Amino acid sequence: MIKKLHKLFSSVKLTIFLFLFLAVTSIIGTIIQQGLPMERYKSLYSPGVFSALKFFNIFDMYHSWWFTTLLTLLSINIIVCTFKQVPRIIRLISPEKKEIDDTVFKSSQIRKTFQSQKKLSDIERHAEIIIKSLVGTPVKTVKNDTIYFLAERGRYSRLGMIFVHISILLILAGGLIGTILGFHGQMNIVEGEKSDTVTLFGGEGAKKLDFDVRCDDFTVEFHETGMPKEYKTDLTIMNDGKKVVSGTIRVNHPLIYKGLKFCQATYGIAGVSDLLIGAKNNKTGEKTALNPNIMKKVPLPGSNASFAIARFVTDQDGMGPAVLGVLLEPGKAQHDIFWIFQNGHNINQQQKSGFTFTLDSFSRLYYTGIQVSKDPGVPLVWIGFCLIMMGFILSLFFTHKRIWMKISGSQDKYEISIAASVSKNRKSFEEQLAGLTREAAVEQTK
Amino acid sequence: MNDTFLISIVTFTYFSAAFVFLISIVFNKKSVDKWALIITVAGLILQTSAIIMRWIHSYQLGIGHAPLSNFYESLVFFSWSIIFVYLIIRKRYRDNLFGVLSAFFAFLILAYASLSSNVNCTIQPLIPALQSNWLISHVISSFLAYACFTIAFGTSILYLLKIKMKMSMLPDALFLDEVTYKMVSIGFVLLTLGIITGAAWADRAWGRYWGWDPKETWSLITWLIYGAFLHTHLARGWRGVKLSLVSIIGFIAVIFTYLGVNYVLSGLHSYL
């Protein structure tokens with residue numbers, strides 16, 4: 001049983017299967033929108049389809065039991081396969097013995113033998129040239145009248161593959177830690193107000209922070225096209241009503257406090273402040289400035305009526321910002337409710353009970369949308385990212401090359417054997433070697 | 001002069017380059033070969049100037065940013081990357097068929113960028129989320145990866161034509177196979193870098209390095225397919241037809257990551 005499992009997990013077939021299976025199943029989550037409230041899905045699908053999809057956790061599939069299982073299987077697969085390679089890699093990167101084992105001339109990937117009648121010193125000189133241009137400066141040893149040359153380069157490039165595989169494990173582990181110990185959500189805070197509650201994404205409820213976040217100020221600048229150019233929030237972290245840290249966050253420039261990251265994500269209009277409504281008495285022409293608050297009535301000078309506003313909108317029927325005014329007159333059963341615009345618009349409808357109302361000035365009250373996250377797995381993921389690139393660079397730009405050369409025989413007839421092994425680009429290495437030996441042979445016959 | 005006008009000249013230049021490369025193959029003439037290369041290099045220089053011009057122009061408009069931020073600019077950079085990668089690998093893989101392939105792909109992309117009504121070529125201001133130092137490294141590594149995958153797609157198609165249709169004018173099958181593998185392995189490393197820079201950026205913008213957004217997920221799907229490609233080749237010894245098919249499937253995923261996500265699915269990358 002254990003043997004069978006070991007065989008399964010040490011096979012690259014499993015890796016390829018898992019890669020492709022993960023790729024195919026991942027498509028589902030890009031078609032079916034993830035993390036919506038359950039009611040939305042219920043209305044989208046018939047009950048049968050809904051319960052089937054719910055069983056497979058398709059609505060949050062990347063955190064589902066089966067997707068996690070696939071990732072776990074992949075991790076085990078990587079661990080087993082990498083461990084299987086470790087002894088071989090250690091053998092390859094541990095320094096070569098100076099003693100040359102004659103078997104390399106029979107077992108190496110690349111082998112070549114030829115004879116020469118040149119002087120020994122010439123042969124040696126050529127051997128050194130060949131080795132130097134192919135691999136590097138050779139080491140010479142003499143044993144039983146036989147001359148050996150050997151050279152090696154790029155030994156540590158063998159570590160590249162191990163680095164890549166370990167880094168994938170680190171990234172997966174970092175992801176797991178983040179899922180278990182971290183959170184990610186949003187808090188919307190109106191200018192001047194504070195909050196300690198983060199609404200978590202994916203309908204996972206809310207998270208209470210052990211401190212308050214106050215939005216001191218929010219500003220937004222626009223391009224001529226009306227597109228936002230930049231928006232930023234002045235934040236203060238408060239503990240028991242005391243200021244702890246202050247900072248400004250912009251998009252792409254978060255604030256980090258106690259391992260929590262505060263990112264400027266969105267903004268919106270929460271309402272209006274400093275409203276100034278003009279009420280002109282049509283008879284006397286006298287104009288009064290009213291300063292009402294939403295849902296709070298103020299007396300209308302020169303009459304027994306009072307006035308209030310119900311709400312503010314940034315754009316009413318394409319005519320710009322407006323407030324919904326309410327006129328309360330004693331003895332009248334029904335209140336008069338009407339829109340009040342900035343100067344000029346729709347002036348007729350704004351004449352009520354002998355007054356003309358205009359929206360004179362106001363300032364928008366923004367709320368800032370801050371994404372708050374905590375992810376203790378991030379350092380592990382960054383290490384994984386660095387390691388994977390190091391691994392790729394090692395295995396892409398460096399090649400492990402080894403070459404052995406043996407010159408045996410005696411005067412008039414020397415036998416030269418070459419053995420070599422390369423971790424990649426074998427074909428071009430062989431071509432180079434063939435070219436160099438041919439050159440040497442030509443020079444020798446001159 | 002306007003950079004979009006320069007790009008239409010470049011479009012024509014790449015078409016000519018593809019044509020001259022084709023002539024050099026059909027008539028097997030070394031002298032023509034040289035001209036094809038000169039035209040290609042001239043096209044790349046012209047295109048680079050157009051990109052720089054657009055960059056400067058955006059600063060003159062007061063909305064200065066690298067020209068890598070909307071669909072039109074990404075198409076221009078995509079075709080630039082293909083020619084750039086071709087000129088690098090040309091030394092190693094001296095076959096004019098790659099010249100035809102690269103110049104033709106670059107031409108097609110530019111023609112689409114200039115002619116399609118879907119593509120808006122005006123310089124637009126950058127939305128705040130895109131105002132980041134990660135933009136340039138993320139876009140460059142991603143599109144160089146796409147360029148490598150495009151060339152690998154081309155050689156895979158040629159391989160299948162060579163094997164199935166027995167077209168004798170095509171290069172040796174083993175050679176095509178090797179180029180496919182090399183391009184995929186370099187593309188894979190660049191794609192990984194593109195995903196990493198994207199993750200680092202997302203972490204600064206939204207406080208999470210990975211959020212299973214459709215664009216992110218599709219880049220992972222592409223990564224997994226090419227990852228499977230490398231494993232079938234290195235560990236299982238897959239060659240030839242099977243490997244070419246995996247490379248073609250991978251390229252379909254690339255196209256979906258680049259275009260499909262914006263046109264078919266919605267997500268955070270919808271501005272591109």
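Residues numbered from 1 in each chain as written. Chains lettered and ligands numbered in written order. Predicted model: local features only at pLDDT ≥ 70, side-chain atom pairs only at ≥ 80, totals over all residues. Heavy atoms only, no water.

Caption draft 1: Local environment of the overall build of chain B. The secondary structure content of chain B amounts to eight helices and zero strands. Reading chain B from its N terminus to its C terminus gives the helix and strand order α-α-α-α-α-α-α-α. Judged by the C-alpha coordinates and their principal axes, chain B covers about 55 × 50 × 30 Å. Each of the 272 residues in chain B was classed as buried or not, and the buried ones make up 61%. At a minimum sequence separation of 6, the contacts of chain B that also span at least 24 residues come to 77%. (Helix = DSSP H or I, 4+ residues; strand = E, 2+ residues; numbered from the N terminus. Buried < 20%, exposed > 50% of the residue type's maximum accessible area, 1.4 Å probe, protein only. Contact = heavy atoms within 4.5 Å.)

Caption draft 2: Broad picture of the overall build of chain A. On a plain count of helices and strands, chain A comes out with ten helices and 19 strands. Relative to a compact globule of 446 residues, whose C-alpha radius of gyration would be 22 Å, chain A shows 39 Å and is clearly more extended. When the 446 residues of chain A are sorted by exposure, 43% land in the buried category. Here the contacts in chain A between residues at least 6 apart in sequence split such that 58% fall between residues at least 24 apart. For chain A, the centre of its 54 positive side-chain charges and the centre of its 38 negative side-chain charges are spaced 8 Å apart. (Rg over C-alpha atoms; globule rule 2.2 N^0.38 Å. Lys, Arg positive; Asp, Glu negative; His and termini not counted. Charge placed at Lys NZ, Arg CZ, Asp CG, Glu CD.)

Caption draft 3: Highlighting the interface of chain B and chain A. Taken residue by residue, the interface counts 42 residues in chain B and 47 residues in chain A. Buried surface at the junction of chain B and chain A, both sides included, amounts to about 3800 Å², of which 71% is carbon and sulfur. Three residues, Arg204(B), Tyr209(B) and Trp212(B), lead the burial of chain B against chain A; their summed loss comes to 17% of the area buried on that side. Connecting chain B to chain A are two salt bridges. Two residues, Lys261(A) and Asp203(B), come together in a salt bridge whose shortest N-O distance is 2.5 Å. Contributions of two or more residues to the side of chain B that touches chain A are made by helix 6 (173-206) and helix 7 (214-234) of chain B. It is helix 6 of chain B that contributes the most residues to the side of chain B that touches chain A, 14 residues altogether. Each residue belonging to the side of chain B that touches chain A can be placed in one class, and the counts come to 27 nonpolar, eight polar and seven charged. (Buried area = accessible area lost by both parts, 1.4 Å probe. Salt bridge = Lys/Arg side-chain N within 4 Å of Asp/Glu carboxyl O. Nonpolar A, V, L, I, M, F, W, Y, C, P; charged D, E, K, R; others polar.)

Caption draft 4: Geometry of the side chain of Thr437(A). Residue and element names in this part refer to chain A. For threonine 437, the location among the structural elements is in helix 10 (residues 426-445). On the accessibility criterion, threonine 437 (5% relative accessible area) is buried. In this structure, threonine 437 is in contact with Lys112, Phe114, Ile130 and Ile418, ignoring residues within four places of it in sequence.

Caption draft 5: Local environment of the packing of aromatic side chains. Applying the stated criterion across every chain, the model contains 49 aromatic pairs over all chains. The interplanar angle of 5 degrees and the centroid separation of 3.9 Å between the aromatic rings of Tyr62(A) and Trp212(B) together place this pair among those described as stacked. A residue pair is termed interchain when its members come from two chains, as with Tyr62(A) in the loop between helix 4 (47-55) and helix 5 (65-93) and Trp212(B) in the loop between helix 6 and helix 7. In this structure, Tyr62(A) and Trp212(B) share a single accessibility class: buried. Here the aromatic cluster, defined as three or more aromatic residues joined through ring pairs, consists of Phe71(B), Phe77(B), Phe78(B), Trp80(B), Phe84(B), Tyr112(B), Phe143(B), Tyr146(B) and Tyr258(B). (Phe/Tyr/Trp six-rings, centres within 6.5 Å; stacked < 30°, edge-to-face > 60°.)

Caption draft 6: Inspection of the nonpolar core at higher detail. Residues and elements named next belong to chain B. Grouped together as the largest cluster of nonpolar side chains are 127 residues, with contacts concentrated most on Tyr14, Val85, Phe149, Met183 and Trp223. At 18 residues, helix 6 tops the list of elements feeding residues into this core. If sequence neighbours within four positions are ignored, tyrosine 14 has contacts with Thr40, Gly43, Leu44, Gln47, Ile83, Ala103, Ala106, Phe107 and Leu110. (Core = buried A, V, L, I, M, F, W, Y, C linked by side-chain atoms within 4.5 Å.)

Caption draft 7: View of the sheet that holds strand 13 (residues 306-313) of chain A. If you trace the four strands from one edge of the open sheet to the other, you get 12-13-14-15 (chain A), paired in antiparallel fashion. Two strands lie at the open edges of the sheet, namely strand 12 (298-299) and strand 15 (336-341) of chain A, each paired on one side alone. (Pairing = 2+ DSSP bridges.)

Caption draft 8: Quick peek at unusual backbone geometry. Residue and element names in this part refer to chain A. Within the chain, aspartate 240 stands out as a residue other than glycine whose phi angle is a positive 50 degrees. Looking at the secondary structure, you find aspartate 240 in the loop between strand 7 (228-239) and strand 8 (242-250). Aspartate 240 sits in the exposed class, given a relative accessible area of 74%.

Caption draft 9: Molecular detail of a nonpolar patch on the surface. Residues and elements named next belong to chain B. Residues Leu22, Val26, Phe27 and Met169 make up a contiguous nonpolar surface patch of roughly 410 Å² in combined accessible area. With respect to the helices, strands and loops of the structure, phenylalanine 27 is situated in the loop between helix 1 (3-26) and helix 2 (30-60). Accessibility expressed as a relative area gives 57% for phenylalanine 27, which makes it exposed. (Patch = residues over 30% accessible without salt bridge, like charges linked within 9 Å, V, L, I, M, F, W, Y side chains within 5 Å. Areas by Shrake-Rupley, 256 points an atom, 1.4 Å probe, with all protein chains shown as cover.)

Caption draft 10: Representation of the sheet that holds strand 2 (residues 139-143) of chain A within the structure. Residues and elements named next belong to chain A. The five strands are arranged 1-19-18-3-2 in an open sheet whose pairing can be described as antiparallel. Pairing within the sheet leaves two strands with one partner each, and these edge strands are strand 1 (110-116) and strand 2. Sheet twist, expressed as the mean angle between neighbouring strand axes with direction ignored, is 15 degrees. Where strand 1 meets strand 19 (residues 413-422), seven bridges bridge the pair, whose relative direction is antiparallel. Residue pairing across strands places serine 116 opposite tyrosine 414, the latter belonging to strand 19. Sheet strands in contact with helix 7 (residues 120-134) are strand 1, strand 2, strand 3 (146-153), strand 18 (401-410) and strand 19, and its direction is about 170 degrees off that of strand 18. (Axes fitted to C-alpha atoms, helices over the stretch in contact; angles between N-to-C directions.)

Caption draft 11: Region of interest: a positive patch on the surface. Together, Lys7(A), Lys13(A), Arg236(B) and Lys242(B) make up a region of like positive charge exposed at the surface. Examined against the element boundaries, Lys13(A) turns out to sit in helix 2 (residues 12-31).

Caption draft 12: Expanded view of the environment of Arg311(A). Residue and element names in this part refer to chain A. Following the sequence through the fold, arginine 311 ends up in strand 13. Between the C-alpha atoms of arginine 311 and isoleucine 294, which are 17 residues apart in sequence, the distance is 6.2 Å. With sequence-adjacent residues up to four places away left out, arginine 311 is seen in contact with Ile294, Ala322, Val323, Leu324 and Trp339.

Caption draft 13: Just the packing of helix 2 of chain B against helix 3 (residues 71-89) of chain B, in detail. Residues and elements named next belong to chain B. Helix 3 packs onto helix 2 with a crossing angle of 145 degrees between their chain directions and a minimal axis gap of 10 Å. Every pair of crossing elements has a handedness; the one defined by helix 2 and helix 3 is left-handed. Together, Leu37, Thr40, Val41, Leu44, Gln47, Thr48, Ile51 and Arg54 of helix 2 and Tyr72, Glu73, Val76, Ser79, Trp80, Ile83, Phe84 and Leu87 of helix 3 make up the contact between the two elements. Tallied by class, the residues present in the contact of helix 2 with helix 3 amount to ten nonpolar, four polar and two charged. (Left-handed = near helix turned anticlockwise from the far one by under 90°.)

Caption draft 14: Spatial organisation of the side chain of Thr15(A). With respect to the helices and strands, the residue Thr15(A) is situated in helix 2. Looking at Thr15(A), the relative accessible area reads 7%, which means it is buried. Setting aside its immediate chain neighbours within four residues, Thr15(A) contacts Leu74(A), Asn77(A) and His231(B).

Caption draft 15: Layout of helix 4 (residues 96-115) of chain B. Under the 1.5 Å per step criterion, the end-to-end length of helix 4 of chain B is 28 Å for 20 residues, consistent within 8% with the ideal 28 Å. Of the residues flanking the start of helix 4 of chain B, the one acting as N-cap is Asp95(B), its side-chain oxygen 2.9 Å from the backbone nitrogen of Leu97(B). (Expected span 1.5 Å × (residues − 1). Polar contact = N/O pair within 3.5 Å; in protein donor to acceptor, adjacent residues only side chain to side chain.)

Caption draft 16: Molecular detail of the pattern of salt bridges. Scanning the entire structure with this criterion turns up 15 salt bridges over all chains. Here the salt bridges share partners, and the residues they tie into one network are Lys118(A), Asp122(A) and Arg125(A).

Caption draft 17: Structural context of the environment of Val372(A). Residues and elements named next belong to chain A. By the element assignment, valine 372 lies in strand 17 (residues 355-374). Valine 372 sits in the buried class, given a relative accessible area of 0%. Taking the C-alpha atoms as reference points, valine 372 and glycine 320, separated by 52 residues in sequence, lie 34 Å from one another. Beyond its immediate sequence surroundings of up to four residues, valine 372 is in contact with Phe183, His184, Gly185, Met187, Val198, Leu260, Lys261 and Phe262.

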